Amino acid sequence: MKKNIDYKLFFSVLALIIFWMIMISSVSVYSSFRVTTIQANAWLIDQAYNYFYVLRNISHIIISLIMLWFMAKINYSFFEKYSKYFFWFSVLLLLIVLIIWMSFKWARWWINIPWVPFTIQPTEFLKLSLIIFLAAFFKKYSWLLRNFKKGFLPFLWILWWLILLIWLQPDFWTIMVIVPVSVIMYFYAWMNIKHLLSMVALWFVLIFSVYSFWTYDKTSPETIKETKNKFSYISDRIDNFLDDNKEAIKNKTINYQTEQALIAIGSGWFSWKGFWWSIQKFWYLPEVQWDFIFSVIIEELWFLGWWTILLLYMYIWYRWLYIANRVKDKFAKLTAIWISSRILIQAFINIWVNLNIVPLTGITMPFVSYWWSSLLSLMMWLAILLWISRHTKEFNNFSRRERNKLMF
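Residues numbered from 1 in each chain as written. Predicted model: local features only at pLDDT ≥ 70, side-chain atom pairs only at ≥ 80, totals over all residues. Heavy atoms only, no water.

This next bit is on the side chain of Ser 31. Positionally, Ser 31 belongs in helix H2 (residues 29-41). A residue is classified by how much of its surface remains accessible, and Ser 31, at 2% relative accessible area, is buried. In this structure the side chain of Ser 31 is engaged in a polar contact, spanning 3.2 Å, whose partner is the side chain of Gln 289. Not counting residues within four places of it along the chain, the set of residues in contact with Ser 31 comprises Tyr 53, Trp 283, Glu 287, Val 288 and Gln 289. (Helix = DSSP H or I, 4+ residues; strand = E, 2+ residues; numbered from the N terminus. Buried < 20%, exposed > 50% of the residue type's maximum accessible area, 1.4 Å probe, protein only. Polar contact = N/O pair within 3.5 Å; in protein donor to acceptor, adjacent residues only side chain to side chain. Contact = heavy atoms within 4.5 Å.)

So this is what it looks like as structure tokens:
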């Protein structure tokens, strides 16, 4: 008899989504008014209003919950069986986005579907399909992973083409997430230590090459115009990050969003403004409902907002690790632990960006940032994990030998 799904996991994620909905109703007020003002001026609506993103958010959540309900009924072995098809479909979407795209400031990250008020970001679904593909591959061909020619080179070849397709968008920061997670997954599945060291070396060479190749001369407006290109934003963000915060603010070389995020966090830390009373959300910190929502949460709720987010993330991570530790199937184990780890890594990267601990990346906070594609893909991940949770067993039900195999 199969177990029920892990309701503790489900309700902890639901609590995070409810908290997100509450905060979106506050942080998106001015952004909503700006968007609807443009629509009103174009005679698309009668008058501007300040709950545009709240309504969109509700519709996103309803669609995502329907997707969750549908996918939670599909056995995870289905995703293992057809993992390569899901992966190649994601690759196809990466190709399509280079032909039919919606661009914003040089970036071609989204596919705009006609007659649908939503856009699709293929890299969000690639993060899921790649983990499923690698988990199935590592389970089936674990005996080849130590072989350089038959194991390491095919893995490297696939990773190289993914990097190239994402680079052409360009979306360097997604590469910064996908590559380390893929390499660590490979190493966890018994990769040769020499292969790991070579991948780490190649990774540092890639980062250094990107920074060196696309840096430009900032001595005068003429040289900036001649040497700057669409990839120079990477070197800009690294340079701005490496500058001392006080000097960068004084010299106006710090990223504007980072500066305003630090102001929001600083003002919230020393004077709890209270829910709804953020100042930075009034376009001092543009589009705050996306990458920098954490800053305004701190500004309004201080430690209450910080601890709510942190404790919910840590509990969700604990439930995912609990599931991974108590399932026997290797595909399910690899999928569960790397989905949970990647989401937690992404959450902390977003927090570190807000605190200016790492350079500005454009990486969203899972289940908290307003991002349609991200929410939909996260619900798909949750559905897979909920099904996997039905096949877990308590440690007491395993033999000693099986128990040792399950330990990480």
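The next point concerns the nonpolar core. The biggest cluster of nonpolar side chains holds 114 residues, and the ones touching the most others in it are Leu 9, Phe 138, Tyr 313, Trp 320, Leu 382, Ile 384 and Ile 388. Ranked by the residues each element gives to this core, the list is headed by helix H17 (residues 372-389), at 14 residues. (Core = buried A, V, L, I, M, F, W, Y, C linked by side-chain atoms within 4.5 Å.)

This part covers the packing of helix H6 (residues 122-140) against H17. The interhelical angle for the contact between H6 and H17, taken along N-to-C directions, is 25°, at an axis separation of 8 Å. As the angle between them shows, H6 and H17 are arranged roughly parallel. Counted together, Glu 124, Phe 125, Lys 127, Leu 128 and Ile 132 of H6 and Ser 373, Ser 374, Leu 376, Ser 377, Met 380, Trp 381 and Ile 384 of H17 form the full contact between these two elements. Its residues assigned to classes, the contact of H6 with H17 shows seven nonpolar, three polar and two charged. (Axes fitted to C-alpha atoms, helices over the stretch in contact; angles between N-to-C directions. Parallel < 35°, antiparallel > 145°, perpendicular 65-115°, else oblique. Nonpolar A, V, L, I, M, F, W, Y, C, P; charged D, E, K, R; others polar.)

What follows concerns the packing of H6 against helix H16 (residues 330-354). Where H6 contacts H16, the two axes come as close as 9 Å, and the packing angle between them is 145°. Where H6 crosses over H16, the handedness of that crossing is right-handed. Contacts between H6 and H16 involve Lys 127, Leu 128, Ile 131, Ile 132, Ala 135, Ala 136, Phe 138 and Lys 139 on the former and, on the latter, Lys 330, Phe 331, Leu 334, Thr 335, Trp 338, Ile 339, Arg 342 and Gln 346. Residues belonging to the contact of H6 with H16 are distributed by class as follows: ten nonpolar, two polar and four charged. (Left-handed = near helix turned anticlockwise from the far one by under 90°.)

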